[in-house]
Amino acid sequence: VLRCLGIPTRVITNFNSAHDKNLNLSIDKYIDMSGNTLHLSEDSVWNFHVWNESWFVRRDLGSFYDGWQVLDATPQEKSKGIYQCGPASTRAIKEGDVNLDYDSPFVFAAVNADCVTWIRYSKKRKERIYSDTRKIGKFISTKAVGTNARVDVTANYKYPEVKEISFKIPYSQYKNSLMDDRKILVTAV
């Protein structure tokens, strides 16, 4: 429909797409002390999800956010009381501007959420034991004009992932590092 109106539009496919039901920007998995999965979160990761992008001028947000905008014709969650998603600026998603309207936090999580595993000791006590910052938003793609070739548009949605740095440290330091900013992944001895 948007193309019929002369608005540039393309289909986007996001591989390993997060569905962040509670909008905390992470996909949380809970296990008990025996390693059994606890069904405490409605978050999920889909093999892929597809949406549209259309090219708009954003007078409501400012010219910084002009350009490709995410519009999801198959939203799975209500936004402002109805099933809708977007138009969320891809520039806002890339910059992490999740406080903007039009479902920016949901789209940001779809391409950039962390997958976090927690041990739940009790209703009041849990501990993060694993975090994967690279799983979500792999190979965000569109189709090339005039051919069936894939065009990688991942860089429109996110900056390159920080490379993993592996080094050995004592377990006590590893455990303490789980509380830190997860930018450096460590391997316990």
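As annotated in an unreviewed UniProt entry, the protein carries the name TGM3L glutamyltransferase and comes from Machaerirhynchus nigripectus.

Asks: What is the right way to look at the sheet that holds strand 8 (residues 88-89) in this model?
Replies: Each strand in a sheet pairs with its neighbour through backbone hydrogen bonds, running either in the same direction (parallel) or in the opposite one (antiparallel). In space, the six strands of this open sheet follow the order 8-5-4-1-11-12, with antiparallel pairing throughout. Both edges of this open sheet fall to strand 8 and strand 12 (150-152), since each of them pairs with a single strand only. Two elements, strand 5 (residues 67-71) and strand 8, share two bridges in a ladder whose sense is antiparallel. Residue Gln-69 lies in a different strand from strand 8, and its bridge partner there is Ser-89. Where helix 2 (residues 104-112) meets the sheet, it contacts strand 1 (9-19), strand 4 (44-56), strand 5, strand 8 and strand 11 (138-143), and its direction lies at approximately 70° from that of strand 1.

Asks: How should I be thinking about the confidence of the model for the protein in this particular structure?
Replies: When pLDDT drops low, the exact placement of atoms in the prediction is not to be read closely. Per-residue pLDDT for the protein averages 85, and the proportion of residues at 70 or more is 85%. This stretch, residues 181-189, has a pLDDT under 50; its non-local contacts, to residues over four places away or in other chains, come to 24 contacts.

Asks: For this particular structure, what's the right way to read the sheet that holds strand 3 (residues 37-38)?
Replies: Pairing in this open sheet of four strands is mixed, and the strands run 3-2-9-10 from one edge to the other. Here the strands that pair on one side only, and so sit at the sheet edges, are strand 3 and strand 10 (126-132). Alignment of strand 2 (residues 26-31) against strand 9 (residues 114-120), held across six bridges, turns out to be parallel. Bridged to Asp-28 within strand 9 is Val-116.

Rules and cut-offs
Residues numbered from 1 in each chain as written. Predicted model: local features only at pLDDT ≥ 70, side-chain atom pairs only at ≥ 80, totals over all residues. Heavy atoms only, no water. Pairing = 2+ DSSP bridges. Helix = DSSP H or I, 4+ residues; strand = E, 2+ residues; numbered from the N terminus. Contact = heavy atoms within 4.5 Å. Axes fitted to C-alpha atoms, helices over the stretch in contact; angles between N-to-C directions. pLDDT = per-residue confidence, 0-100.

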